[in-house]
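This is what each chain is made of:
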Amino acid sequence: MIETFRSVVRFKPIELDRVKRRLSGVATVDDLRAIARRRLPRGVFDYIDGGAEDERSMARNVGAFGRIEFRPRVLRDVSRVDPSTELFGRRLAFPLILAPTGFTRIAHSQGELAVARAAQRAGIPYSLSTVSTRSIEEVAAVSDGPKWFQVYTWRDRGLVRELVERSAAAGYEALWLTVDTAVLGRRERDVRRGFTLPPKIGLETIFDGAFHPGWTLDFLRAEPITFSNVVDKGVDDGRTAVSLAGQVQSQFDPSLSWDDVEWLRSIWDGPIVLKGIQTVADAKQAVASGVAGIALSNHGGRQLDDAPTPIELVEPVAQEVGGQIAIICDGGIRRGADIVKAIALGADACSAGRAYLYALGAAGERGVDHMLGIMHDGVVRTMALSGCRTIDEIDRSLVTWR
Ligand SMILES: Cc1cc2nc3c(=O)[nH]c(=O)nc-3n(C[C@H](O)[C@H](O)[C@H](O)COP(=O)(O)O)c2cc1C
C-alpha cells in the first residue's frame, strides 16, 4: 500500500514568489476577478465590477457570447495558427485593444504604467483615458507600443485641444471619442456606498482597508492619485474627493454632437474611433462623418441599462458598414473564444476593460501579463479547434446563434 501511495503522491515544490503562487491556479479572467474581489476593498471592487441600474446591460454583454455556437471545420492542418491582424496600418499580435478606464491606479499603484507595459509585451494597443491617473507623457515614457488616447469632451474645448495635441506629440496613434457619456449612468453600487474618487478616508474605509492590507499598504505608500492629465488646468483634478457623477456633471459637456466629431477631425490627423455607437443608424452616420472606426459599446453596461448588447449588434452593423469603417466590439470579452466569435460576426477587433482591471487588482503587472496570455492562447486554441489558420479565415459560416 505504501508503495502505491508513494508512486502516486507528488508534492509540488513550495513557490516562494507570492505573486507566482497566487497566479499559479488562475485559468480564467473569472479566476482573476475572484482574487481581485478578495484583495480590493469592497468600494473599489464595486467601482470596477459594477454597472448601471439593474446591471442588465452588463450581464447581457457577457451572457450573449454563450448563445453563440461554433460550426467548426476539421482536417484543416492547423499546425500553424496566426492570430495577428492589421488595424489602422498596425499589426496587432491578436485582435484585442485594451479599452480606456478612468482611475486605473485605484486597482494597483502601478496603474496605467503597468497595463501599458503589459500591452506592449503582448503586441496590442493600450488606450489611455482622459481621466487617467498617469499622464499622456508618463505612459509614453514607459511604452513604445501602440497607444490610443480616449477623449471625453470637457466643457472647455481649449483643454480638449491641448490633450489631443499632447497625444500627437507623445506618439499616440489613434483617438477614441467616447459618445455614450453625455451624463453619467447611475451606478447604484457606488451610490449606496457613497463612493468617491479618490476614496474618502472615513471610518468605513479604514475598517474595509484593514481587511485588505495588501491593497491598503500599496495605496498608502504610493503618491496620491490625481487626474494626471489635467492637474492645474482649472478643472477637478482629483486632489479633492468627488463623486464620479458630480465630476462628470460639472465638467463634461452634454451638448456634444456630430459637429464636435467634425471639429475633432480638424485637429487630429490620425484615426478616430467613436466609442459607444449603439444602433445601425448611428453606425451609418459615423461613416458619413468620416471617422475611421466605431466601437459598438454600452460602456461595459455602466451607462444606459437595457442598452443594445455589443456582440448582438456586430452583424447588423457589419452588414451595413463593414469594410467602410473599422468595427470594434467592446464589452463582455472574457475569453479568447469571445474574440473569435466577434470576428466571425463581422468585427475587425475587440476591446476589453474589466478583464485587465481584475488582473491588475489580483496581481499587478504580472496579473495583466497572465491575463493577456490567457486571451492570446484562447484565440489561438479556438482558431485551431475550429479550423481557422488566419484571422481572414474566420468568417460568418463559423458561428450560429443558438
Ligand atoms: C472601472 C472602469 C472605468 C472606465 N472608464 C472609462 C473611461 O474613462 N473612458 C471610457 O471611454 N470608457 C471607460 N470605461 C469603459 C471601458 O472603456 C469599456 O467600454 C468597458 O470596460 C468594456 O466592457 P468590459 O469591462 O466588459 O470589457 C470604463 C470601464 C470600467 C470598468
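On a predicted model such as this, the values are computed, not experimentally measured, just so you know.

Visitor: Can you help me understand the site of the ligand in this one?
Guide: Not every one of the 24 residues close to the ligand is listed here, only the nearest: Pro100, Ser129, Thr178, Asp330 and Gly332. Backbone polar atom of Gly102 to a nitrogen atom of the ligand: 2.9 Å apart, as the coordinates give it. Contact between the ligand and Lys275: an oxygen atom at 3.0 Å from a side-chain N or O atom of the residue. Of all elements in the fold, only α4 (42–49) and α17 (354–386) reach the threshold of two or more residues within the shell around the ligand. Split by residue class, the shell around the ligand holds 8 nonpolar, 11 polar and 5 charged.

Visitor: Would you mind showing me how to read the nonpolar core here?
Guide: Side chains that are nonpolar tend, in soluble globular proteins, to be buried together. Membership of the largest hydrophobic core comes to 108 residues, with the highest contact counts inside it found for Leu96 and Ile294. In terms of residues, this core owes the most to one element, α17, which gives 15 residues. Excluding anything up to four places from it in sequence, Ile294 contacts Val273, Leu274, Ile277, Ala283, Ala286, Val317, Val321, Ile325, Ala326, Ile327 and Ile328. Residues Leu87, Leu92, Trp176 and Ala326 belong to the second largest nonpolar core, which totals 11 residues.

Visitor: Quick question: what am I supposed to make of the packing of helix α15 (residues 310–321) against helix α16 (residues 336–345) here?
Guide: For any two helices packed against each other, the geometry comes down to the angle between their axes and how far apart the axes lie. Where α15 contacts α16, the two axes come as close as 8 Å, and the packing angle between them is 25°. When the axis of α15 is compared with that of α16, the two are roughly parallel. On the side of α15, the interface is formed by Ile311, Val314, Glu315 and Ala318, while α16 contributes Lys341, Ala342 and Leu345. Split by residue class, the contact of α15 with α16 holds 5 nonpolar, no polar and 2 charged.

Visitor: Before we go on, may I ask you to explain the packing of aromatic side chains in this structure?
Guide: For any pair of aromatic rings, geometry is given as the distance between the ring centres together with the angle between the planes. Here the structure, examined in full by the defined rule, presents 10 aromatic pairs. When the centroid spacing of 5.0 Å and the interplanar angle of 85° are considered together, the rings of Trp154 and Phe252 count as edge-to-face. Taken together, the positions of Trp154 in the loop between β6 (147–151) and α8 (157–169) and Phe252 in the loop between α12 (244–251) and α13 (258–267) put the pair 98 residues apart, joining distant regions of the chain. Among the aromatic side chains, those forming a connected cluster through ring pairs are Phe88, Trp148 and Trp176.

Visitor: Got a minute to help me understand the pairing of strand β7 (residues 174–178) in this structure?
Guide: Every other side chain in a regular strand lies on the same face of the sheet, so the side chains alternate between the two faces. For β7, the buried fraction is high: 5 of the 5 residues fall into the buried class. Burial of β7 is two-sided: the residues Ala174, Trp176 and Thr178 facing one way and the residues Leu175 and Leu177 facing the other way are all buried. Pairing analysis gives 4 bridges linking β6 to β7, with the strands arranged parallel. Counterpart to Trp148 in the pairing with β7 is Ala174. As paired strands, β7 and strand β8 (residues 272–277) are joined by 4 bridges and run parallel to one another. Counterpart to Leu175 in the pairing with β8 is Ile272.

Visitor: Just to check I follow, could you spell out the packing of α8 against α13 for this structure?
Guide: Orientation of α8 relative to α13, taken along the N-to-C sense of each, is 40°, at an axis distance of 10 Å. For the element pair α8 / α13, the angle class is oblique. Seen from above, α8 lies across α13 with right-handed handedness. Within the contact between the two elements, α8 uses Arg157, Val160, Arg161 and Val164 and α13 uses Asp260, Trp263, Leu264 and Ile267. Counted by class, the contact of α8 with α13 contains 5 nonpolar, no polar and 3 charged residues.

Procedures and definitions
The numbering scheme is per chain: residues are counted from 1 as the chain's sequence reads. In keeping with the model being predicted, local features are shown solely for residues with a pLDDT of at least 70 and side-chain atom pairs are shown and tallied solely at 80 or more, while totals for entire chains, interfaces and linings include all residues. Calculation of side-chain values draws on the structure's entire complement of heavy atoms; hydrogens and water are dropped beforehand. One heavy atom within 4 Å of a molecule or strand is enough for the residue carrying it to be called near that molecule or strand. Polar contacts here mean pairs of N or O atoms no more than 3.5 Å apart (in protein, one a potential hydrogen donor and the other a potential acceptor; neighbouring residues in sequence count only if both atoms are side-chain atoms). Per the convention used, a helix needs a DSSP run of H or I reaching at least four residues, while a strand needs a run of E reaching at least two, with both numbered from the N terminus. For this classification, Asp, Glu, Lys and Arg are treated as charged, while Ala, Val, Leu, Ile, Met, Phe, Trp, Tyr, Cys and Pro are nonpolar and the rest, including Gly, are polar. Nonpolar core, defined: a set of buried Ala, Val, Leu, Ile, Met, Phe, Trp, Tyr and Cys residues in which side-chain atoms within 4.5 Å join the residues together. Residue burial is assigned from relative accessible area. The probe radius is 1.4 Å, only protein chains are included, and a residue is buried under 20% of its type maximum, exposed over 50%, and partly exposed in between. Two residues form a contact once any of their heavy atoms are found within 4.5 Å. Fitted lines through C-alpha atoms serve as axes, helices being fitted only where they are in contact, and the angles separating the N-to-C directions of these axes extend from 0 to 180 degrees. For classification, angles of less than 35 degrees are called roughly parallel, those exceeding 145 degrees roughly antiparallel, those between 65 and 115 degrees roughly perpendicular, and all remaining angles oblique. Pairing of aromatic rings covers Phe, Tyr and Trp, the last counted by its six-membered ring, and requires centre-to-centre distances within 6.5 Å; plane angles under 30 degrees mean stacked, over 60 mean edge-to-face, and any other angle means tilted. In this analysis, strands are considered paired if DSSP registers two or more bridges between them. When the near helix sits turned anticlockwise from the far one by under a right angle, the crossing is termed left-handed; a clockwise turn instead gives a right-handed crossing.

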